[in-house]
Amino acid sequence: MVCGGFWRKLGRIKRMADVNSLPGELDKCLGLVDLTAIGVGSTMGVGIYVLVGEVAKLTAGPAVVFSFLLAAFVSLLSGVCYAEFGARMHITGSAYTYAYVAVGELVAFVIGWSMLAECIIGAASVGSAWSGYFDSITNHSISGFITENVGRFHSPFLGEYPDFLAFAIAAAMTAVLITGAKFNSITMLIFTVLNFAVVATCIVAGLFYVDIRNWTENGGFFPYGFNGIINGAATCFYAFVGFDAIAVSSEEAKNPSRDIPLAIIATLLICFFAYAFTSLILTLVVPYHALSATAPLSEAFAIHGATIITYLVAIGSIVALTASMLGSFYPVPRLAFAMSRDGLVFQFLSILTPRTKVPLFGCLFAGLITGLLSLVLSMSQLVEMMSIGTLVAYMLVAASVVLLRHKPCGIAASSGSYRADSPSYQGRDSYHDLDSAEGSLKVDEEIISREDGISPAVKRSSPNDTEMGVIGGAETEEKEALVGPEGPTSASYKKVQICTFIYGVASCLLSEAATIGRNVIVPPWFSAITAVVCLVTLVVTALLIASQPQDETDIPFRVPFTPYLPLFSMTCDFYLMSHLTYKTWIRFALWLFCGLTIYFGYGIRHSRADAWRQETIEDQNDSQKEPILEKKK
């Protein structure tokens, strides 16, 4: 019994009603432009000034534009998965909250803890890069002063010297965070506009130095072949990391059902076109093999004597780094707030400032940890661990879309998803106008039984019928989305769970079979047989999942071609994870060990999952008694 209760706690899930019935504690002040500015500022950092030249020179040549196209497509697969969840759930937490609803508490904690690592390390690495770039502009006078008056580190696990400038930048970003989401978005918008102005100037100026022979000579447009494009895409993928900052802002969005999906897709498209045009112009201005791998834009214009453009690039790099650092900082206090509100981490992290409604101690926690990391570690030591948290989150969000779409009892949009008396109700009529179809007809759902796999029956009631049905203990509302007679059942959901797990294992093995030759010498026939078996398994499990009934609840945005698109996204994420070094996995394991120590020592005992369930049941009982009392009167 004790063991059974322990495992039950690890698998506790939040129902959609629990999620969307939470009071909106953060300030709802962000519109579509604000969310897009946060997304673009977080995503398109200094990579446009560095990554384009690095991939073109070393990996793909002028065909780097196709690498960016492929990377954008893979990122878009994850983006649409985030977009569907953003349309369903209107509280902060991003992938952490999504996993809590679709998979369970322990997995959700791992995702949330991984995302904290990603954002904190990302912010620290950008702070270190900002400090290093500014130091190079000042002819290394800052680093020289520190090493002469303070000294150097003499350890392979630390940086070269204590980077006090990076620590000061982290403190400044913390102060900006505390000012509130609206001021943060305005700041990001200003930096993003300045960044685009510099990039646009470089693109227009580059038109005067275009030489088409740079695409036809020295190996042509595809000097590294198709493999170069694929390998380049694996690197370019990280240029699109950051859009999940939009999903974290759901609770602060004015109309999350509409704006979160639009902002995510707009962010990815804007960043792709910026990277694409920059890479096209850059490889036309200078032969790809002559590009600088560290400062390609500034060096390209320096070759042609365009000194003014070189200075503009330096300014743009500082602006982009600042926007990127603020974008990396932004999700940390909100993730910590979501996990603290759920009781999984320490409660003080959910304390809000009275005026700006931001997590005060979450901001201070983000600033302190980021500042300390950037103070003692170098950028190269930090950047290695950035990607793993992102890929793990992307993979589990894609899996969660598949699972939630096949959950029984209409849980994907059960009560609370579109409550008329809640802020998240805004815009509902444009998506759920059932009255236009059948006059004043109202629809209540009456679930007969799910335990034996019996599908729901839909009872049509008259306009005067105000009693509410019950779905697995949760109230249903008038004008609830219709669940067809072939809706998901407990039996069909169990099949989807098993098939999704098998699909994930097969994707992992396939990715390892494709890359195992890098580290281990194995016979070619072994890799070929493994790949064929895995491919067959992927196809069969995908078809089995597709054959199961889905919840067809009408929501503002749905991932198209489900389950195939989310499943393919999972495979891409596993493939990219297979390229990570073993050192990255060791560091991730150490970080995860620290997190699990907190969870098993504190979170599992203070989780509010059971308390919310009890509160919801009591609220439902009260709401069902009210109409009966009114009728008696």
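Since the structure is predicted, the reported quantities are computational estimates derived from the model, not experimental observations. (Residues numbered from 1 in each chain as written. Predicted model: local features only at pLDDT ≥ 70, side-chain atom pairs only at ≥ 80, totals over all residues. Heavy atoms only, no water.)

**Some details on the overall build of the protein chain**
As a reminder, the rule being used: By definition, any uninterrupted DSSP run of H or I lasting at least four residues is a helix, any uninterrupted run of E lasting at least two residues is a strand, and each is numbered from the N terminus. Whether a residue is buried, partly exposed or exposed follows from its accessible area with a 1.4 Å probe, protein chains only, as a fraction of its type maximum: under 20%, in between, or over 50%, in that order. Two residues qualify as a contact provided that any one of their heavy atoms is within 4.5 Å of a heavy atom in the partner residue. Residue-level accessible areas treat just the shown protein chains as cover; the underlying method is Shrake-Rupley with a 1.4 Å probe.
Helix and strand counts for the protein chain come out as 26 helices and four strands. Buried positions account for 55% of the 633 residues belonging to the protein chain. Long-range pairs, those at least 24 residues apart, make up 84% of the contacts in the protein chain with a sequence separation of at least 6. Looking at the protein chain as shown, the accessible area adds up to about 26400 Å², and 68% of this sits on carbon and sulfur atoms.

**Concerning the confidence of the model for the protein chain**
Operational definition: For every residue, the predictor assigns a confidence score, pLDDT, that lies between 0 and 100.
Put simply, the protein chain has an average pLDDT of 77, and 78% of its residues get 70 or more. Within the protein chain, the element-level pLDDT minimum falls on strand β3 (residues 470-471), averaging 32, and the maximum on helix α14 (residues 256-285), averaging 91. Here residues 410-485 is a poorly scored stretch, pLDDT under 50, and it has 140 contacts once near neighbours within four places are set aside; other chains count.

**Re the pattern of salt bridges**
Operational definition: A carboxyl oxygen of Asp or Glu within 4 Å of a side-chain nitrogen of Lys or Arg is what we treat as a salt bridge.
Under the definition given, this model contains seven salt bridges. We note a salt bridge from Lys-182 to Asp-34, for which the minimum N-O separation is 2.9 Å. One end of the pair, Lys-182, is in helix α10 (residues 181-206); the other, Asp-34, is in helix α3 (residues 32-43), and 148 residues separate them in sequence. By relative accessible area, Lys-182 is classed as partly exposed at 33%.

**Things to note about the nonpolar core**
Heads up, the condition is: Among the buried residues, those of types Ala, Val, Leu, Ile, Met, Phe, Trp, Tyr and Cys that are joined through side-chain atoms within 4.5 Å form a nonpolar core.
By size, the foremost hydrophobic cluster in this structure holds 149 residues, and its most contacted members are Phe-68, Tyr-82, Phe-240 and Tyr-275. When residues in this core are grouped by element, the largest group, 14 residues, is from helix α20 (residues 386-405). In this structure Phe-68 touches Val-52, Cys-236, Ala-239, Phe-240, Phe-272, Tyr-275 and Ser-279, once residues within four positions along its chain are discounted.

**Quick word on the packing of helix α4 (residues 47-60) against helix α12 (residues 225-236)**
So the rule is basically this: Note on geometry: axes are C-alpha line fits, over the in-contact stretch for helices, and angles between N-to-C directions span 0 to 180 degrees. Reported orientations rely on four angle classes, namely roughly parallel under 35 degrees, roughly antiparallel over 145, roughly perpendicular from 65 to 115, and oblique for the rest. Handedness of a crossing follows from how the near helix is turned relative to the far one, being left-handed for an anticlockwise turn of less than a right angle and right-handed for a clockwise one. Here the term charged refers only to Asp, Glu, Lys and Arg, the term nonpolar to Ala, Val, Leu, Ile, Met, Phe, Trp, Tyr, Cys and Pro, and the term polar to all other amino acids, Gly among them.
It is the contact of α4 with α12, at a shortest axis distance of 9 Å, that shows an interaxial angle of 150 degrees. By the angle class used here, α4 and α12 are roughly antiparallel. In this structure, α4 meets α12 at a crossing whose hand is right-handed. Residues Leu-51, Val-55, Thr-59 and Ala-60 of α4 pack against Gly-228, Asn-231, Gly-232, Thr-235 and Cys-236 of α12. Grouping the amino acids of the contact of α4 with α12 by side-chain chemistry returns four nonpolar, five polar and no charged.

**Digging into the side chain of Lys-407**
One can find Lys-407 in the loop between α20 and α21 (435-438). Classification of Lys-407 by relative accessible area gives buried; the value is 6%. Filtering out sequence-adjacent residues up to four positions away, Lys-407 remains in contact with Ile-13, Val-101, Ala-102, Pro-488, Tyr-493 and Asp-551.

**Digging into the packing of aromatic side chains**
Our working rule: Any pair of Phe, Tyr and Trp rings, taking the six-membered ring for Trp, is counted once the centres come within 6.5 Å. Such a pair is stacked with planes under 30 degrees apart, edge-to-face with planes over 60 apart, and tilted for the rest. For a Lys NZ or an Arg CZ to count as sitting over a ring, it must be within 6 Å of the ring centre and within 35 degrees of the ring normal.
This structure, assessed with the given rule, holds 28 aromatic pairs. Plain terms: the ring middles of Phe-66 and Phe-221 are 6.0 Å apart, the flat faces sit at 85 degrees to each other, and that makes the pair edge-to-face. Of this pair, Phe-66 sits in helix α5 (residues 64-88) while Phe-221 sits in the loop between α11 (213-216) and α12, and the two are 155 residues apart along the sequence. The exposure class assigned to Phe-66 is partly exposed, which follows from its relative accessible area of 37%. Each member of the aromatic cluster is reached from another via a ring pair, and the members are Tyr-82, Phe-85, Tyr-98, Phe-237, Phe-243 and Tyr-394. If you follow Arg-334 out to its NZ or CZ, it ends over the ring of Tyr-330, 3.8 Å from the centre.

**Topic: the packing of helix α22 (residues 490-515) against helix α23 (residues 524-546)**
In contact at an axis separation of 9 Å, α22 and α23 are set at 155 degrees when each is read in the N-to-C sense. Comparing their axes, α23 and α22 come out roughly antiparallel. Crossing of α22 over α23 shows left-handed handedness. Taken together, the residues of α23 that come into contact with α22 (itself represented by Val-496, Cys-499, Thr-500, Ile-502, Tyr-503, Ala-506, Ser-507, Leu-509, Leu-510 and Ala-513) are Ser-527, Thr-530, Ala-531, Cys-534, Leu-535, Thr-537, Leu-538, Thr-541, Ala-542, Leu-544 and Ile-545. Looking at side-chain class alone, the contact of α22 with α23 contains 15 nonpolar, six polar and no charged residues.

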